[in-house]
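Residues per chain, in single letters:
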Amino acid sequence: MLMLLTIIKTRISKNETSKQPASKKLKVNLKRPQDYKFYKQLESHCKKLALSDTIPNESDKDVSLREVLEMASTDEGYVVYIEGHRSNLEGEDEYCVKWIGFPKTTWEKEIPEDDIFYYRASLSK
């Protein structure tokens, strides 16, 4: 009798998981780097890594490929260094940022304060 109940519970739980919304299924299926939205934009050496591998970079940050791709999907990232800065037409500071895992720099208004601090400190040397 106990074995029969276990089989029934297993079948019920399998049926419940198949009725999950598509958004929940998507998160479960992201097992390969190629499944992520920004995979094609990665630097070539990053495409050879597994999701759990740390991306080699010039900063002191140990970040896995999975972390970089998940941050990129929310339009965020990890800063390697700031290449320069400028003021835009509204008078706001913008920073030319090199991101971990991506080959191109981008101009950004909002980046982590500690990265701005280290950049400003490097200018005074």
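Computed from a prediction, not measured in an experiment: that's the story for all the values here.

The next point concerns the pairing of strand β1 (residues 79-87). Note: β1 against strand β2 (residues 93-99), seven bridges, orientation antiparallel. Looking at β2, one finds that Arg-86 is bridged to Glu-94. Joining the antiparallel neighbours β1 and β2 is a turn of five residues, in which Gly-91 adopts a positive phi near 85°.

If you look at the biggest cluster of nonpolar residues, it comprises 24 residues, and the most contacted ones within it are Leu-42, Ile-55, Leu-65, Val-68, Tyr-95, Phe-102 and Ile-111. Only α3 (65-72), β1, β2 and α4 (113-123) provide two or more residues apiece to this core. Here the element with the most residues in this core is α3; it accounts for four residues. In this view, Phe-102 contacts Phe-38, Gln-41, Leu-42, Glu-43, Val-68 and Ala-72; residues no more than four positions away in its chain are not counted.

As a further point, take the sheet that holds β1. Within the open sheet, the three strands sit side by side as β1-β2-β3. Their pairing is antiparallel. Each edge of the open sheet is held by one strand with a lone partner, namely β1 and β3 (105-108). Looking at each pair of strands side by side, their axes are set apart by 25° on average, direction ignored. For β2 and β3, the ladder comprises four bridges, and the chain directions are antiparallel. What sits directly across from Val-97, in β3, is Thr-106. Lying on the sheet, α4 is in contact with β1 and β2; it crosses β1 at an angle near 70°.

Rules and cut-offs
Residues numbered from 1 in each chain as written. Predicted model: local features only at pLDDT ≥ 70, side-chain atom pairs only at ≥ 80, totals over all residues. Heavy atoms only, no water. Pairing = 2+ DSSP bridges. Helix = DSSP H or I, 4+ residues; strand = E, 2+ residues; numbered from the N terminus. Core = buried A, V, L, I, M, F, W, Y, C linked by side-chain atoms within 4.5 Å. Buried < 20%, exposed > 50% of the residue type's maximum accessible area, 1.4 Å probe, protein only. Contact = heavy atoms within 4.5 Å. Axes fitted to C-alpha atoms, helices over the stretch in contact; angles between N-to-C directions.

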